[in-house]
Structures are given as structure tokens and as C-alpha cells.
Amino acid sequence: MDGNGRWAMARGLPRAAGHSAGAEAVRRCVQAAIRRGVGYLTLYAFSSENWRRTPDEVADLTSLLRYYLRHKVAELSREGVRIRIIGDLSRFDDDVRAESKRAEDVTSANRRLTLVLALSYGGRADIMQAAKHVALAVRDGALDPAQLDEALFGRFLLTADLPDPDLIIRTSGECRLSNFLLWQSAYAELVFLDTLWPDFNEQHFDAALDMFARRERRFGARPTL
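Residues numbered from 1 in each chain as written. Predicted model: local features only at pLDDT ≥ 70, side-chain atom pairs only at ≥ 80, totals over all residues. Heavy atoms only, no water.

Draft legend 1. Spotlight on the packing of aromatic side chains. The full count for this structure, using the stated rule, is eight aromatic pairs. With a centroid separation of 5.4 Å and 80 degrees between ring planes, the pair formed by Tyr-67 and Tyr-68 is classed as edge-to-face. When its relative accessible area of 40% is taken as the criterion, Tyr-67 is described as partly exposed. An aromatic cluster of three or more residues is present, and its members are Tyr-44, Tyr-121 and Phe-180. (Phe/Tyr/Trp six-rings, centres within 6.5 Å; stacked < 30°, edge-to-face > 60°. Buried < 20%, exposed > 50% of the residue type's maximum accessible area, 1.4 Å probe, protein only.)

Structure below.
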């Protein structure tokens, strides 16, 4: 979800206004996913690299996150949304961690849409923590290295209970993954849109789904005749 700052700058507004507008785009995106029958939607809401931003901007982002966790979870739950959070939450304040756990607990029985929030998440860090857990399992005799394959390794990732993404959409004209679900996105279809995230709407969502539907997914095999 890229382009909040540029959206605000183009309008002579503070970056915080761009993040607030981006939060409204999240609401539209979630509603579009529900209406289209999408089962899993992952939002890269706060990357591990976002901690490098200015203290004021980090405070704005975490304040907005705190607000939505406190005040919007009930609404999402009524819509049948289950919330799952991935990332290194240890870097957030205690209240954000507590609200994150509450959001997961309150919505755990919902099945209409699983909304995955990537918070303080980085794809490389995810792979590294999985590798460390594999090494510990081998050291403790709980895992035979000869048994390790991609499927087993995937069980050590933060997304162990989630399917790999079929489609990744990036807004604002940037054409890179920026450390997002690096292992999991090996065969995802990629769609890059020039639209800034606060302007993202249901029509953009549908356009991305349409592009995905027209792709031929071969997973490394030859196309069928």
C-alpha cells in the first residue's frame, strides 16, 4: 500500500493526512474483497524498514494503527472478518501488542475473510527466524535434516497457517516487492498500478482481479496445449 506521503504532498497536506486517507482505502479494499469472495487478503501495513522513518511519522503510523485496532475490530468482526497479524510485534508498545492480540482473539471464529496485517514485517527476517527454528529443531534432535523440504520449511514461517498469495498488488507505480513475503510470493502474479494508495478503490481492485484472471499460471511447467 504505497503512496500515502506523495498523495498528501500533492495536496499540500501533512503526511499524517495521507496515512489517514490510506486507512480509508484499506476499508474500501476490505469491502471489495468481501464482495468478490476473496478468502485471504494481506495488507503490508508497517514494514520492518518503516522504523527508519522520522519519529514523528512512526508515531503517526502507530497512533493510526492503535486507533483502528481499538475502534474498528468490532465492525470487521460483524462482517465475518478474521484478523491475523504477522511480524515482529516486540518493537511496538505494550498497548499495541495487547490490542493486536485482542483483535485476533475476538475475530478468531470468523471465516468470511481472513485479513492478514503485516506489522513490523520483513520477508528476509521471516526466512531468518524460520531458519533459526529449523536449526534449533535439528540441534535438539526434533528434526532430521534429510527430511527437510520446502513444505516442511514453510511450517516454520510466520505464515505457516496461511496459503501463499496468488496475487500481489503494489500501488503508486513502484515495481518491486520491498521485502514482502519473499518466500511465499515465489509464484504469485504481480500487478503494479500507478494509482497512489489513498486513491485505490473497488474499480482498481476489480481491474487487478481481471488482470489476474487473464494470466496463465504454469508454476514452471510447460503450457498445456
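Draft legend 2. Just the sheet that holds strand β2 (residues 81-86), in detail. Overall, parallel pairing links the three strands, which are arranged β1-β3-β2 in an open sheet. Each having just a single partner strand, β1 (40-47) and β2 make up the two edges of the open sheet. The mean inter-strand angle of the sheet, taken between neighbouring strand axes irrespective of direction, is 20 degrees. With six bridges connecting them, β2 and strand β3 (residues 113-121) associate as parallel partners. Paired with Ile-86 across the bridge in β3 is Ala-118. The strands touched by helix α5 (residues 94-106) are β2 and β3; relative to β2, the strand with the most contacts, the crossing angle is about 140 degrees. (Pairing = 2+ DSSP bridges. Helix = DSSP H or I, 4+ residues; strand = E, 2+ residues; numbered from the N terminus. Axes fitted to C-alpha atoms, helices over the stretch in contact; angles between N-to-C directions. Contact = heavy atoms within 4.5 Å.)

Draft legend 3. View of the pairing of strand β5 (residues 189-192). Burial along β5 is one-sided: the face carrying Glu-189 and Val-191 is buried and the face carrying Leu-190 and Phe-192 is not. Of the pairings in the sheet, the one linking strand β4 (residues 167-170) to β5 comprises four bridges and is parallel in character. In the sheet register, Ile-168 faces β5, and the bridge partner there is Leu-190.

Draft legend 4. Structural context of the nonpolar core. Ranked by internal contacts, the top residues of the largest apolar core, which has 32 residues, are Leu-41 and Leu-115. When residues of this core are traced back to their parent elements, those giving at least two are α2 (15-35), β1, α3 (55-71), α4 (73-78), β2, α5, β3 and α8 (202-213). At six residues, α2 tops the list of elements feeding residues into this core. Those residues within four positions of Leu-115 in sequence are excluded, and the remaining contacts are Val-30, Leu-41, Leu-43, Leu-76, Val-81, Arg-82, Ile-83 and Arg-84. Within the second largest apolar cluster, ten residues are counted, among which are Ala-118, Tyr-121, Phe-180 and Ala-188. (Core = buried A, V, L, I, M, F, W, Y, C linked by side-chain atoms within 4.5 Å.)

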